[in-house]
Amino acid sequence: AQSVTQPDIHITVSEGASLELRCNYSYGATPYLFWYVQSPGQGLQLLLKYFSGDTLVQGIKGFEAEFKRSQSSFNLRKPSVHWSDAAEYFCAVGAGSGGYNKLIFGAGTRLAVHP
Amino acid sequence: NAGVTQTPKFQVLKTGQSMTLQCAQDMNHNSMYWYRQDPGMGLRLIYYSASEGTTDKGEVPNGYNVSRLNKREFSLRLESAAPSQTSVYFCASSEGTANYGYTFGSGTRLTVV
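Rules used throughout
- The numbers attached to residues start from 1 for each chain and follow its sequence in the written order.
- Working convention: letters from A go to chains and numbers from 1 go to ligands, in the order in which they are written.
- Local features are withheld for residues below a pLDDT of 70 in this predicted model, meaning they are given only at 70 or higher, and side-chain atom pairs are given and counted only at 80 or more; totals for whole chains, interfaces and linings count all residues.
- Heavy atoms from the whole structure form the basis of all side-chain values; hydrogens and water molecules are not counted.
- Going along the chain from the N terminus, every DSSP run of H or I of four or more residues is numbered as a helix, and every run of E of two or more is numbered as a strand.
- Based on C-alpha atoms, the radius of gyration is set beside the globule rule, defined as 2.2 Å times the residue count to the power 0.38.
- For every residue, the accessible area obtained with a 1.4 Å probe (protein chains only) is divided by the maximum for its type, and the residue is called buried under 20%, exposed over 50%, and partly exposed between those limits.
- Contacts are residue-level and defined by heavy atoms, with any inter-residue pair within 4.5 Å sufficient.
- For the purpose of charge, His is not counted, nor are the chain termini; Lys and Arg are scored as positive and Asp and Glu as negative.
- Lys charges are placed at NZ, Arg charges at CZ, Asp charges at CG and Glu charges at CD.
- Criterion used throughout: strands pair if DSSP finds at least two bridges between them.
- N or O atoms closer than or at 3.5 Å make up a polar contact, with two conditions inside protein: a donor-capable atom paired with an acceptor-capable one, and, for residues adjacent in sequence, both atoms drawn from side chains.
- The pLDDT value expresses, per residue, how confident the predictor is, ranging between 0 and 100.
- Within this scheme, the nonpolar core is defined by two criteria: the residues are buried Ala, Val, Leu, Ile, Met, Phe, Trp, Tyr or Cys, and they are joined through side-chain atoms within 4.5 Å.

I'd like a rundown of the overall build of chain A, residues and numbers included.
The number of helices and strands found in chain A is zero helices and twelve strands. Along chain A, helices (α) and strands (β) appear in the sequence β-β-β-β-β-β-β-β-β-β-β-β when read from the amino end. For 115 residues, the compact-globule formula gives about 13 Å, and the C-alpha radius of gyration of chain A, at 14 Å, lands near that figure. Projected onto its principal axes, the C-alpha positions of chain A cover 45 × 30 × 20 Å.

How would you explain the overall build of chain B if you had to name every residue and give the values?
Along chain B, the regular secondary structure elements total zero helices and eleven strands. Looking at the 113 residues of chain B, the share that counts as buried comes to 49%. Across chain B, the fraction of contacts at a sequence separation of at least 24, relative to all contacts at a separation of at least 6, is 55%. The averaged location of the 8 negative side-chain charges in chain B is 8 Å from the averaged location of its 10 positive side-chain charges.

A description of the pairing of strand S5 (residues 32-38) of chain A should follow, citing residues and the corresponding values.
Residue and element names in this part refer to chain A. Buried residues dominate S5, accounting for seven of its seven residues. Here S5 shows no split at all, with Tyr32, Phe34, Tyr36 and Gln38 on one side and Leu33, Trp35 and Val37 on the other all buried. Sheet analysis places S5 next to strand S10 (residues 87-95), joined by seven bridges and oriented antiparallel. Looking at the pairing, Tyr32 lines up with Gly94 of S10. When S5 meets strand S6 (residues 44-50), the two strands line up antiparallel, connected through six bridges. Bridged to Leu33 within S6 is Tyr50. Linking S5 back to S6 in an antiparallel pair, the connection comprises five residues, with Gly41 at a positive phi of about 75 degrees.

Any details on the side chain of Ser94 of chain B? Residues and values, ideally.
All names here are of chain B. Mapping Ser94 onto the fold places it in strand S9 (residues 87-94). On the accessibility criterion, Ser94 (0% relative accessible area) is buried. Within the local environment of Ser94, its side chain forms a polar contact with the backbone oxygen of Gly96, the two atoms lying 2.9 Å apart. Residues in contact with Ser94, not counting those within four places in the same chain, are His29, Asn30, Ser31, Tyr33, Gly101 and Tyr102.

Explain the confidence of the model for chain B residue by residue, including any values.
For chain B, the average pLDDT comes to 94, and 99% of its residues sit at 70 or higher. When the elements of chain B are averaged for pLDDT, strand S6 (residues 56-57) of chain B gives the smallest value, 92, and strand S8 (residues 74-78) of chain B the largest, 98.

For the nonpolar core, give the residues involved together with the corresponding values.
Residues and elements named next belong to chain A. Among the nonpolar cores identified, the biggest contains 28 residues, and Leu19, Trp35, Leu47, Leu48, Phe74, Leu76 and Tyr89 are the most heavily contacted of them. For this core, the secondary structure elements donating two or more residues are strand S2 (10-14), strand S3 (19-21), S5, S6, strand S8 (64-68), strand S9 (73-78), S10 and strand S12 (109-114). With five residues, S10 is the largest single contributor of residues to this core. Not counting residues up to four positions away in its chain, the partners in contact with Leu48 are Leu33, Phe34, Trp35, Val57, Gln58, Gly59, Phe63, Glu64, Ala65, Phe74 and Leu76.

Here it is as structure tokens:
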């Protein structure tokens, strides 16, 4: 069965520091991978997605993610974190028999940013 | 553009009461989804509708029913609310299959007492 694991429940970084959020997936075929961000009290916003091709994908707000098939990972990175990046981040994989019918989400990583 | 609109934003129910959560999208998307979000569990799929006229169960369908009223609207009904259904509910839509990615509504926070 398809699944997504985000090993870190909470991460705290200082403003200006670099960030890496981990995501591991389990899926038999070529995965469609996504990162979403949720600010407090809000819905989820798409940061970036990977379908095929270049394994390093760029997203909004200065985020990027790298797909590594050998490690079944799709980690999210940002070189310099801003206080406004404090939010919850969700990794998701497109899955479903007979096609990619739905997204399966990880449990999320909550990011806190210290000034 | 409104995107995906959910109503209500907040609701408190007593155990055993019923209610319907409404969701509408104005992007001419084919697929619509209902998820619930609980702390430490991420988002879990309740039901989805790949196209108008079809609905399918997701990961946690028990205690819920859905109706794809037309291409724009996808409602979620709780027939007899239970405290375990206290959650934040999100509706989402996608242009085609899920690999297009979702557009989410802003959520409904439901408390069952």
